[in-house]
Amino acid sequence: VQLQASGGGLVQAGGSLRLSCAASGRTFSFYVMGWFRQAPGKEREFVAGISRRGDRTDYADSVKGRFTISRDNAKSTVYLQMNSLNPEDTAVYYCAADGQPLDFVDKRGASYDYWGQGTLVTVSS
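Just so we're clear, the structure is a prediction, and the values are computed from it rather than from any experiment.

S.K.: Looking at this model, I keep getting lost on the overall build of the chain. Mind explaining?
M.R.: Within the chain, the secondary structure is distributed over zero helices and eleven strands. Tracing the chain from N to C terminus, the helices and strands come up as β-β-β-β-β-β-β-β-β-β-β. For 125 residues, the compact-globule formula gives about 14 Å, and the C-alpha radius of gyration of the chain, at 13 Å, lands near that figure. Out of the 125 residues in the chain, the part that is buried amounts to 46%. For the chain, contacts bridging at least 24 residues in sequence account for 59% of all contacts bridging at least 6. A total accessible area of about 6,300 Å² is found for the chain, and carbon and sulfur atoms account for 48% of it. Averaging the positions of the 14 positive and the 12 negative side-chain charges in the chain gives two centres separated by 4 Å.

Right, here's the structure in full:
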């Protein structure tokens, strides 16, 4: 499956952005989807994930209550709504698809089979 992330940009602290990740090539609903991010000089980290049908989600503690992941299987797209952004959220954000047999959100990046190219989010103070 091919993943194309978009929606990044420059935003002031306290602002919002919505990232999108469009999938193509295979049946989107077969995949658990996740968002990860990597800030300069830091390791990649899990941000949010959503089950195949969208009925279960999981978040990193640092974004709980501020970020919301959702998906539209008819459009083969997963979203990340990011509110109350702060400079610590500055990173390249990646979407990823996990084709494991079990329908649960794995926070380990190694579990994901396909990755998008990343979209840069910069939050100014």
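S.K.: Could you clarify how one ought to interpret the environment of Y94 in this entry?
M.R.: As for its position among the elements, Y94 is in strand β9 (residues 91-98). For the pair Y94 and I69, spaced 25 residues apart in sequence, the C-alpha to C-alpha distance is 13 Å. Those residues within four positions of Y94 in sequence are excluded, and the remaining contacts are G34, W35, F36, Q38, W115, G116, Q117 and G118.

S.K.: Would you mind going over the side chain of R37 with me for this structure?
M.R.: Mapped onto the secondary structure, R37 falls in strand β4 (residues 32-38). Residue class for R37 comes out buried when judged on its relative accessible area of 5%. Polar side-chain contacts of R37 include one of 2.6 Å to the side chain of E45. Within the structure, R37 has its side chain in polar contact with the side chain of D89 (distance 2.9 Å).

Rules behind the numbers
Residues numbered from 1 in each chain as written. Predicted model: local features only at pLDDT ≥ 70, side-chain atom pairs only at ≥ 80, totals over all residues. Heavy atoms only, no water. Helix = DSSP H or I, 4+ residues; strand = E, 2+ residues; numbered from the N terminus. Rg over C-alpha atoms; globule rule 2.2 N^0.38 Å. Buried < 20%, exposed > 50% of the residue type's maximum accessible area, 1.4 Å probe, protein only. Contact = heavy atoms within 4.5 Å. Areas by Shrake-Rupley, 256 points an atom, 1.4 Å probe, with all protein chains shown as cover. Lys, Arg positive; Asp, Glu negative; His and termini not counted. Charge placed at Lys NZ, Arg CZ, Asp CG, Glu CD. Polar contact = N/O pair within 3.5 Å; in protein donor to acceptor, adjacent residues only side chain to side chain.

Function-wise, these values are silent; they only describe arrangement.
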